[in-house]
Amino acid sequence: MGIGPSTKETTLHHFRDPLVEIVSADKEIDLLGIIVEGTPEINRDKVFVAQRSAAMVEAMRADGAIVSIDSWGNSHIDFTSLIEAIGKKKVPTVGMSFVGNQAAFVVTNKYMDTIIDFNKTQSGIETTVVGENNVVEMDAIKALAILKLKMKKKEEVKEHSEDEIKLRKLCMKTFYINQVLFGEKNKIDKDVLYINKAMEGEASKEDHRIESLKINIIPPANHDMFINSILDFSPIATKVIGEAGEGVTHALTGVAVMITGVETCGFQAANIGSSEGILKEQVQFGRRGTPSEKDIIIHVDVVLKDGEGRTRAGIMAAHKACDKIVQGIRDCLKDMNHTLPDEKHEYFDIIRPGRKKVVIIKQVSGLGCMYDTGVFPYEPGGFIGCRSIIDLGNMPLMLSSNEYRDGAIRAMS
Amino acid sequence: MNLTTARGMKSEIYAPVTPPPVWAPLTKPLKECRVAFLTAGGIHLKTQKPFNLAGDYTFREIPSDTPSSELMCSHGGFDNSDINKDVNAMFPIDRLRELVKEGFIGSLSPVFVGFMGGGGNVDKFREESGPAIAEILKKEKTDIAILTGGCGTCHRSATIVQRAVEAVGIATIIIAALPPIAKQQGAPRIAAAHVPIGSNAGEPNNKEMQTAILKDSLNAMTKMEHFGEMIMLPYEYRHNV
C-alpha cells in the first residue's frame, strides 16, 4: 500500500525497465548494478536502510547514483534519506520521483538539488490510470544526462595524484581499568571502576523471562571457579562523537564483560555443547574474542525461567539485561576526560585507487536462539538498538571497515 | 519533442519550506485541562460516510463518549490492520477516558475529530477544514489537542490542522510515526515512538504502551517552551509478519 495506481511500477515495468535499459546501454558508463531497497513502515528503519544502501554505493566506489522511487508521501522519507546518505558520502545523485502538485515533498534536504519529476499529468495529482505517472525513456535519459554533468563537475575538482583517499576517521581512545569494585553508583575514578550493585535488581526486571540476575567481579587470579554456560564476551565501549565508524569512541581496557546463562531447573543455555564448568578450563584466555588472563571480568550471570534458555526471546532478554548494566558504565565512560586517554588509536576508511579490490564476507549466525547476530546497536558492541540479522531476512549487509571495528556486530551465538 | 508536461510547475526545484512558528502556551496544569483528540488516520463512526480514499478534505465529528467498537477506519495510505484490531492504536479514545477517570487530565472535549489526510489537498486543509476544526474545539473550551497522522501526506495534513488549532490559542502536540515530516511541516510540538505508521499511539491491545505514550506526550507539553520541540519516546513495536 502507499503506492497509487498511476505511479506504481508493474512487474512488466521492472521486466523491461527503461532506466536500466538506458543506463546499461550507455558506453560512457560502467553500470555496477542495481540495488533494490524496500520502504519500511517505521521511521528509524527508513533511515537505516538508506544508510545501508549508501554504504554499498560507497563500497562499490561508484562515481554517481540514480535513485528512483515509485511511491511518494511517507516513502519520500526513504527517498530523501537515501539521497542525503549518498550525498554525505560525496557521491553525486539524481533522484527520480513522481512529485507533481499532490506529492510535493513532505521532507527535503540540501542534497536534493537534482530531482526528475516524472509526473505526466497537467493537474499533477495521482490518478487511477495504471502506468500514467511512470518513468519513461525520456526521464531516464534526462536523469543520466544530469548525472553525467554532476560527475564531470566532481571530476574537475578531484586531485588525480592522490595515492590514498581517506574517507573518514575513527578515533578510539582507551582508558585502563586496574580495579573493579561495587559502589553506591556507577563511577570511574582514575583506574578504578565502581559498579552500582542495585543495577542487578533493575536489570533482572527488564524481561519476564528472567528469573534472577547477578553481577560478579572476577579478578585476574580467580579463574578457578564454576560458571554457567557462556553466552558472550563483549567490550565496554561507547560512542562519544559521531556515528558508527567515525568520530570518537571511548573504550575500557583491562576489563571485559561475560554473560552466562542457565535456567532455573539447571539447564544450561546452549545449543550444540555448553561451556559451563571451571572458568580457567572453559576459556582460552588471551585470544581476540576472550579477555587476557590479566583482565578483570565483569560477570553477568542470568538465570532464565525454565524453557527460556532454549528460546530466541530468552537469550535476547539475557543480552538486553546485561547491556542495561553495561550502559550504566558507558554513561560514566562518556564523561572521561578525552584529552587524557591511556592509548589513542586512529583508524581510517581508505580508498586505494588502482589496487586489487578485495572484499571480506563474514557468514554469521542467523538461525535463532543461540544462533543469532545483532547489527548496528546504539553503542559499540552493545545489544540495545541492534537489529537481529534474522529479522533482516539474513540478507547481506555492507559495512565499512571502520563501522565493523566500531562495534557494529553483537554476537548472540 | 516536448519535455514540458505542465508549464509553471516548480517541483523540480529544491525549496525547503518550513512555515512560520505558531505557538499557544499551555498555562494550566494537566489535571485541569480539557483535552481533544484529532486524527488524520481516517477514523470515523461506522454510521458516518466513509472517506474518499483517493483524497478527502472533509472531516467527521466523533463524540468523545463513543464506544471504541463503534469506530472504523477508511484510509488507503498504510496498513490498517492494527487499527482494525484496536482503534486505540491510532485514536486512543479508551485510554483518554481512563486518564480522565484517573485524574491525570481534567476532562475530554465533547467532540473529537477524524479526517483522512492521505494525499490531502493542502490548500483545502489550510483554508477550510483546519480553521473549521479549530473553531469547534475553541467553542468547546478545549485546552489541549493531541493529533495523530497515518501515512506521509497524512502527517502533512495533520500538521496543517494542528497549526490551525494552535493558532486559535489551543496548545497542541502531534504523536507522529514520521517525525521528520511533522517537523518540516511546522508542527508546534512533536512526540514520536518507534512504531509503524498506523500505530502512532502504540501497539494494538497494549494498554500499557498506549497509556505511556499519551502520558509522556502530555507531560512533555508541560515542559516544551519553544516551537518545533520534539521528544522521542522510548517505546518500540513492530509488526510480526
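Remember, it's a predicted structure, so these values are computed and weren't measured experimentally. (Residues numbered from 1 in each chain as written. Chains lettered and ligands numbered in written order. Predicted model: local features only at pLDDT ≥ 70, side-chain atom pairs only at ≥ 80, totals over all residues. Heavy atoms only, no water.)

### Looking at the sheet that holds strand E1 (residues 65–68) of chain A
All names here are of chain A.
Right, so step 1: Spatially, the 3 strands line up as an open sheet ordered E1-E2-E3, and their pairing is parallel. Every other strand in the sheet has two partners, leaving E1 and strand E3 (115–117) as the edge strands with one partner each. Strand-to-strand, the axes of this sheet are offset by a mean angle of 20°, without reference to chain direction.
Right, so step 2: Taken together, the 4 bridges between E1 and strand E2 (residues 93–97) define a ladder with parallel strand orientation. Looking across to E2, one finds that alanine 65 is bridged to threonine 93.
Right, so step 3: Packed on one face of the sheet, helix H4 (residues 75–88) meets E1, E2 and E3 and runs near 170° to E2. (Pairing = 2+ DSSP bridges. Helix = DSSP H or I, 4+ residues; strand = E, 2+ residues; numbered from the N terminus. Axes fitted to C-alpha atoms, helices over the stretch in contact; angles between N-to-C directions. Contact = heavy atoms within 4.5 Å.)

### Quick notes on the packing of helix H3 (residues 122–139) of chain B against helix H4 (residues 152–167) of chain B
Residue and element names in this part refer to chain B.
Right, so step 1: Interaxial distance between H3 and H4 falls to 8 Å at its minimum, and their mutual angle equals 45°. The orientation of H3 relative to H4 falls into the category oblique. Crossing of H3 over H4 shows right-handed handedness. Taken together, the residues of H4 that come into contact with H3 (itself represented by Val122, Phe125, Arg126, Gly130, Pro131, Ile133, Ala134 and Leu137) are Arg156, Ser157, Ile160, Val161, Ala164 and Val165. (Parallel < 35°, antiparallel > 145°, perpendicular 65-115°, else oblique. Left-handed = near helix turned anticlockwise from the far one by under 90°.)

### What about the sheet that holds strand E8 (residues 210–218) of chain A?
Residues and elements named next belong to chain A.
Right, so step 1: Taking strand neighbours across the sheet as the criterion, the 4 strands line up as E8-E15-E13-E10 in an open arrangement whose pairing is mixed. The open sheet terminates on both sides in strands that have one partner only, identified here as E8 and strand E10 (229–234). Within this sheet the neighbouring strands show an average axis-to-axis angle of 20°, counted without direction.
Right, so step 2: As paired elements, E10 and strand E13 (residues 255–263) share 5 bridges and run antiparallel to each other. Paired with serine 229 across the strands is glycine 261, a residue of E13.

### Some details on the packing of aromatic side chains
Right, so step 1: Taken as a whole, this structure holds 6 aromatic pairs over all chains when the rule is applied.
Right, so step 2: Following the ring pairs from residue to residue traces out a cluster consisting of B:Phe37, B:Phe91 and B:Phe112.
Right, so step 3: The aromatic ring of A:Phe48 is capped on one face by A:Arg387, whose charged end is 4.0 Å from the ring centroid.
Right, so step 4: For the cation-ring pair, B:Arg189 lies above B:Trp23, with the distance from its terminal atom to the ring centre recorded as 4.0 Å. (Phe/Tyr/Trp six-rings, centres within 6.5 Å; stacked < 30°, edge-to-face > 60°. Lys NZ or Arg CZ within 6 Å of the ring centre and 35° of its normal.)

### A look at the side chain of A:Thr373
Residues and elements named next belong to chain A.
Right, so step 1: Looking at the secondary structure, you find threonine 373 in strand E17 (residues 372–375).
Right, so step 2: Using a relative accessible area of 3% as the deciding quantity, one classes threonine 373 as buried.
Right, so step 3: Look past the residues within four positions of threonine 373 in its chain and what remains in contact with it is Val364, Ser365, Arg387, Ser388, Ile389, Ile409, Arg410 and Met412. (Buried < 20%, exposed > 50% of the residue type's maximum accessible area, 1.4 Å probe, protein only.)

### With respect to empty space enclosed by the protein
All names here are of chain B.
Right, so step 1: Under the defined criterion, the tally for this structure stands at 1 cavity of 30 Å³ or more.
Right, so step 2: The space that makes up the largest cavity amounts to roughly 30 Å³.
Right, so step 3: Top contributing element to the lining of the largest cavity by residue count: strand E9 (residues 189–194), with 3 residues.
Right, so step 4: When the residues that make up the lining of the largest cavity are grouped by side-chain class, the tally is 7 nonpolar, 2 polar and no charged. (1 Å grid on protein atoms, 1.4 Å probe; cavity = no way out; pocket = protein on both sides within 12 Å on 5 of 7 lines; lining within 4 Å. Points joined across faces, edges and corners; volume = space filled by probe spheres on them. Nonpolar A, V, L, I, M, F, W, Y, C, P; charged D, E, K, R; others polar.)

### Considering a negative patch on the surface
Residues and elements named next belong to chain A.
Right, so step 1: Taken together, Asp30, Asp63, Glu155 and Glu156 make up a surface patch of like negative charges.
Right, so step 2: Structurally, glutamate 155 can be placed in helix H5 (residues 137–157).
Right, so step 3: Residue class for glutamate 155 comes out partly exposed when judged on its relative accessible area of 36%. (Patch = residues over 30% accessible without salt bridge, like charges linked within 9 Å, V, L, I, M, F, W, Y side chains within 5 Å. Areas by Shrake-Rupley, 256 points an atom, 1.4 Å probe, with all protein chains shown as cover. Salt bridge = Lys/Arg side-chain N within 4 Å of Asp/Glu carboxyl O. Lys, Arg positive; Asp, Glu negative; His and termini not counted. Charge placed at Lys NZ, Arg CZ, Asp CG, Glu CD.)

### Quick word on the domain arrangement of chain A
Reports of interface size often rely on the accessible area that becomes lost once the parts have come together.
Right, so step 1: On domain assignment, one finds that chain A holds domain 1 (11–158) and domain 2 (170–349).
Right, so step 2: Once you take the C-alpha centre of each, domain 1 of chain A and domain 2 of chain A turn out to be 43 Å apart. (Domains from an automatic or database assignment.)

### Quick look at the pairing of E1(A)
Right, so step 1: The alternating pattern of E1(A) places A:Ala65 and A:Val67 on a buried face and A:Ile66 and A:Ser68 on a face that is not buried.
Right, so step 2: Once you follow E1(A) into H4(A) and on to E2(A), the crossover reads as right-handed. (Right-handed = clockwise from strand over helix to strand, strands pointing away.)

### Focus: the nonpolar core
Right, so step 1: In this structure, B:Leu38 and B:Ile146 are the most contacted members of the largest nonpolar core, which totals 72 residues.
Right, so step 2: Here the element with the most residues in this core is helix H6 (residues 207–223) of chain B; it accounts for 7 residues.
Right, so step 3: Setting aside its immediate chain neighbours within four residues, B:Ile146 contacts B:Val35, B:Ala36, B:Phe37, B:Leu38, B:Leu96, B:Ile173, B:Ile175, B:Leu214 and B:Leu218.
Right, so step 4: Within the second largest apolar cluster, 34 residues are counted, among which are A:Ala203, A:Ile315, A:Cys322 and A:Ile329. (Core = buried A, V, L, I, M, F, W, Y, C linked by side-chain atoms within 4.5 Å.)

### Some thoughts on the environment of B:His155
Residues and elements named next belong to chain B.
Right, so step 1: Position of histidine 155 among the secondary structure elements: in helix H4.
Right, so step 2: Since its relative accessible area comes to 0%, histidine 155 is described here as buried.
Right, so step 3: A sequence separation of 115 residues divides histidine 155 from alanine 40, and the C-alpha atoms of the two residues are 7.3 Å apart.
Right, so step 4: From its side chain, histidine 155 meets the backbone nitrogen of alanine 177 in a polar contact 3.0 Å long.
Right, so step 5: From its side chain, histidine 155 meets the backbone nitrogen of leucine 178 in a polar contact 3.1 Å long. (Polar contact = N/O pair within 3.5 Å; in protein donor to acceptor, adjacent residues only side chain to side chain.)

### Looking at helix H3 (residues 43–59) of chain A
All names here are of chain A.
Right, so step 1: In this model, H3 (17 residues) spans 25 Å end to end at C-alpha, consistent with the 24 Å of a helix rising 1.5 Å per residue.
Right, so step 2: Counting buried residues in H3 gives 12 out of 17 residues, a clear majority hidden from the surface.
Right, so step 3: Within the span of H3, buried status applies to Asn43, Arg44, Asp45, Lys46, Phe48, Ala50, Arg52, Ser53, Ala54, Ala55, Val57 and Glu58.
Right, so step 4: After H3 finishes, the residue arginine 61 shows a positive phi value of roughly 60°. (Expected span 1.5 Å × (residues − 1).)

### Description of the interface of chain A and chain B
Right, so step 1: Taken together, the contact between chain A and chain B spans 36 residues of the former and 35 residues of the latter.
Right, so step 2: With both sides pooled, the region where chain A packs onto chain B buries about 2800 Å², and carbon together with sulfur makes up 54% of that total.
Right, so step 3: A salt bridge links B:Glu236 to A:Arg44; the nearest nitrogen and oxygen atoms lie 3.2 Å apart.
Right, so step 4: Run the count over chain A and chain B and you get 7 residue pairs in polar contact (both at pLDDT 80 or more).
Right, so step 5: Of all elements in the fold, only H3, E3 and H5 of chain A reach the threshold of two or more residues within the side of chain A that touches chain B.
Right, so step 6: Broken down by element, the side of chain A that touches chain B gets its largest block of residues, 4 residues, from H3(A). (Buried area = accessible area lost by both parts, 1.4 Å probe.)

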